[in-house]
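# Understanding the architecture of this molecule
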Amino acid sequence: MSKIHNFSAGPAILPKEVIQNCADAILNFAGTNLSLIEVSHRSKEYVAVMDEARSLVKKIMNLGDDYEVVYLQGGASLQFLMTAMNLLENKAAYINTGTWAKKAIKEAKAFGTVDVLGSSEDKNFSYIPKNYTISSDYDYFHCTSNNTISGTQMQSFPDCPVPLVCDMSSDIFSRELDFSKFDLIYAGAQKNMGPAGTTLVVVKKSILGKVSRYIPTMLDYTTHIDKDSMFNTPSVFAVYGCLQTLKWIDKQGLASIEKLNTQKADLLYNEIDANDLFVGTTAVEDRSKMNVTFLLKDESKNEAFLAACAAANISGIKGHRSVGGFRASMYNALGLDSVQVLVEVIKNFK
Ligand SMILES: *Cc1c(COP(=O)(O)O)cnc(C)c1O
């Protein structure tokens, strides 16, 4: 079987050893002679999986006991409303950097006043707005660290006098960051940390319990924290997959992962910039290292380029309909060799 170069935006490429470990556990979980998907989530073997999946996140992020880690369901999309329901008493500040940010803003408006401090919608979200200040009377500030669809990424985060809430779905664990600057981080697993079906939430405990509304039990972060992320049946398979990925990340460290991600991104952007036929869609200083969006100047050749990619075993390269053209998603597990194959196809395309 020839290797497929998987540039899918999500669900996305996972390390081979993660997939192998998941396959093994489906057949025989932790020596129980039972499948991972047919044992109680309260069994000691599974409780150990959940415990390690939670503690490893804090280890990799270098966070202390003031933070809690839970694995929830409902995707990052549920976090759009859950963050607001748990944190928004009067008003919150958002920046509008793309499709996902816009959805977060829409949900938050159901719970209070939302001020959009910056937006790049005027240029189809091709840049990250920067000239804004966050005043201290907001309940929190919400941003999206990486815009999966439009291909931009925050290279730095603003000084924030209020709790900093961040949707890191598509670049979690892709680079070194001072994670202690953030008060709540959420990420759907299926982009860079595991199979679809669970959402990682990392939250600083001190920001919770400050709103006056009734929060339904399942939507209250405290419910899940108090029960060690086992209030109800968790996504057992997805969390197991996340744990395998976390171990893979922990072995390498974020510094070396970031280095490779930078190398991959430089290789592809350099070719796009050097090539007369192609053009990037985003402001150079805001380019995402995870999702590289680019166009053929002559769009009538799009189908021919997709065919050339397919012939080279490149999968998942078609752009999102809102941007058009192409999108190469280059998450942690994608090797440099796959990017080299794509660059060759771009070079040789006439
Ligand atoms: C994919 C994505 C989402 C939506 O995630 P779901 O888990 O499908 O709800 C939200 N935010 C960002 C940045 C994403 O990339």
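Thresholds, definitions, all that
Residues numbered from 1 in each chain as written. Predicted model: local features only at pLDDT ≥ 70, side-chain atom pairs only at ≥ 80, totals over all residues. Heavy atoms only, no water. Buried < 20%, exposed > 50% of the residue type's maximum accessible area, 1.4 Å probe, protein only. Helix = DSSP H or I, 4+ residues; strand = E, 2+ residues; numbered from the N terminus. Arc of directions from axis to C-beta. Contact = heavy atoms within 4.5 Å. Pairing = 2+ DSSP bridges. Axes fitted to C-alpha atoms, helices over the stretch in contact; angles between N-to-C directions. Phe/Tyr/Trp six-rings, centres within 6.5 Å; stacked < 30°, edge-to-face > 60°. Near = heavy atom within 4 Å. Polar contact = N/O pair within 3.5 Å; in protein donor to acceptor, adjacent residues only side chain to side chain. Areas by Shrake-Rupley, 256 points an atom, 1.4 Å probe, with all protein chains shown as cover. Nonpolar A, V, L, I, M, F, W, Y, C, P; charged D, E, K, R; others polar. Domains from an automatic or database assignment. Buried area = accessible area lost by both parts, 1.4 Å probe. Salt bridge = Lys/Arg side-chain N within 4 Å of Asp/Glu carboxyl O. Parallel < 35°, antiparallel > 145°, perpendicular 65-115°, else oblique. Left-handed = near helix turned anticlockwise from the far one by under 90°.

### Structural notes on helix α4 (residues 99-108)
Listing the buried residues of α4 in full gives A101, A104, I105 and A108. Axial view of α4: buried residues confined to an arc of 100°, hence all on one face. Those residues of α4 that are buried are in contact with α3 (75-87), β3 (91-96), β4 (113-119), β5 (141-144) and β9 (184-188).

### A closer look at the environment of S156
The topology assignment puts S156 in the loop between β7 (152-153) and β8 (164-167). Using a relative accessible area of 52% as the deciding quantity, one classes S156 as exposed. The spatial distance from the C-alpha of S156 to the C-alpha of D286 is 9.8 Å, given a sequence separation of 130 residues.

### Quick word on the sheet that holds strand β12 (residues 291-296)
Strand order across the open sheet formed by three strands is β11-β12-β14, with antiparallel pairing between neighbours. In this open sheet, the two edge strands, each paired with only one partner strand, are β11 (278-280) and β14 (326-329). If you compare each strand with its neighbour and ignore which way they point, the axes differ by 30° on average. Bridge count between β12 and β14: four bridges; the pairing is antiparallel. The residue of β14 that forms the bridge with N291 is S329. Its contacts with the sheet put helix α7 (residues 254-274) on β11, β12 and β14, and the angle it makes with β12 is roughly 15°.

### A few points about the packing of aromatic side chains
Scanning the model with the defined rule gives 14 aromatic pairs in all. Plain terms: the ring middles of Y94 and Y140 are 5.8 Å apart, the flat faces sit at 70° to each other, and that makes the pair edge-to-face. Here the residue Y94 occupies a position in strand β3, and Y140 occupies one in the loop between β4 and β5, the gap between them amounting to 46 residues. Y140 shares its class with Y94; the two are buried.

### Side note on the site of the ligand
The ligand sits among 13 residues. The nearest are S77, T148, D167, Q190 and K191. S77 is positioned with one of its side-chain polar atoms (N or O) 2.6 Å from an oxygen atom of the ligand. Look at the ligand: alone it shows 380 Å² of surface, and the protein chains cover 88% of it. Among the residues making up the shell around the ligand, the classes are represented as three nonpolar, eight polar and two charged.

### Some details on the domain arrangement of the protein chain
For interface size, the figure often reported is the accessible area lost on association. The domain architecture assigned to the protein chain consists of domain 1 (16-252) and domain 2 (253-348). Here the C-alpha centre of domain 2 lies 26 Å away from the C-alpha centre of domain 1. Opposite the 29 residues of domain 1 that make contact, domain 2 presents 26 residues. A buried area of about 2200 Å², summed over both sides, lies between domain 1 and domain 2, and 50% of it is on carbon and sulfur atoms. One salt bridge in this structure joins E285 and K130, with 4.0 Å as the shortest N-O distance.

### Let's talk about the pattern of salt bridges
For the structure on display, the rule yields 16 salt bridges. For D250, the salt bridge identified is with K59, shortest N-O distance 2.7 Å. On the criterion of sequence distance, the pair formed by D250 in helix α6 (residues 236-252) and K59 in helix α2 (residues 44-61) is long-range, its members being 191 residues apart. On the basis of relative accessibility, which here comes to 27%, the residue D250 falls in the partly exposed class. On the basis of relative accessibility, which here comes to 53%, the residue K59 falls in the exposed class. Here R175 ties to D171 by a salt bridge, and the two come within 3.0 Å at their closest N and O atoms.

### Digging into the pairing of strand β10 (residues 199-204)
In terms of residue burial, β10 counts as a mostly covered element, since five of its six residues are buried. Across six bridges, the pairing between strand β2 (residues 67-72) and β10 is antiparallel. By the bridge assignment, V70 is partnered in β10 with V201. Pairing geometry for β9 and β10, over five bridges, is antiparallel. Pairing of I185 across the sheet is with V202, part of β10.

### A few points about the side chain of R287
When you line up the elements, R287 lands in the loop between β11 and β12. In this structure, R287 is in contact with G151, Q153, Q155, Y269, D273 and T282, ignoring residues within four places of it in sequence.

### Remarks on the side chain of T144
Position of T144 among the secondary structure elements: in strand β5. Once residues lying within four places of it in the same chain are set aside, the contact partners of T144 are T97, A101, M154 and D167.

### Considering the packing of α3 against α4
Where α3 meets α4, the closest approach of the two axes is 8 Å, and the angle between their N-to-C directions is 40°. The angle between α3 and α4 falls in the class oblique. The handedness of the crossing between α3 and α4 comes out as right-handed. Residues S77, F80, L81 and A84 of α3 touch α4, and the partners they reach there are W100, K103, A104, E107 and A108. A per-class count over the contact of α3 with α4 returns six nonpolar, one polar and two charged.

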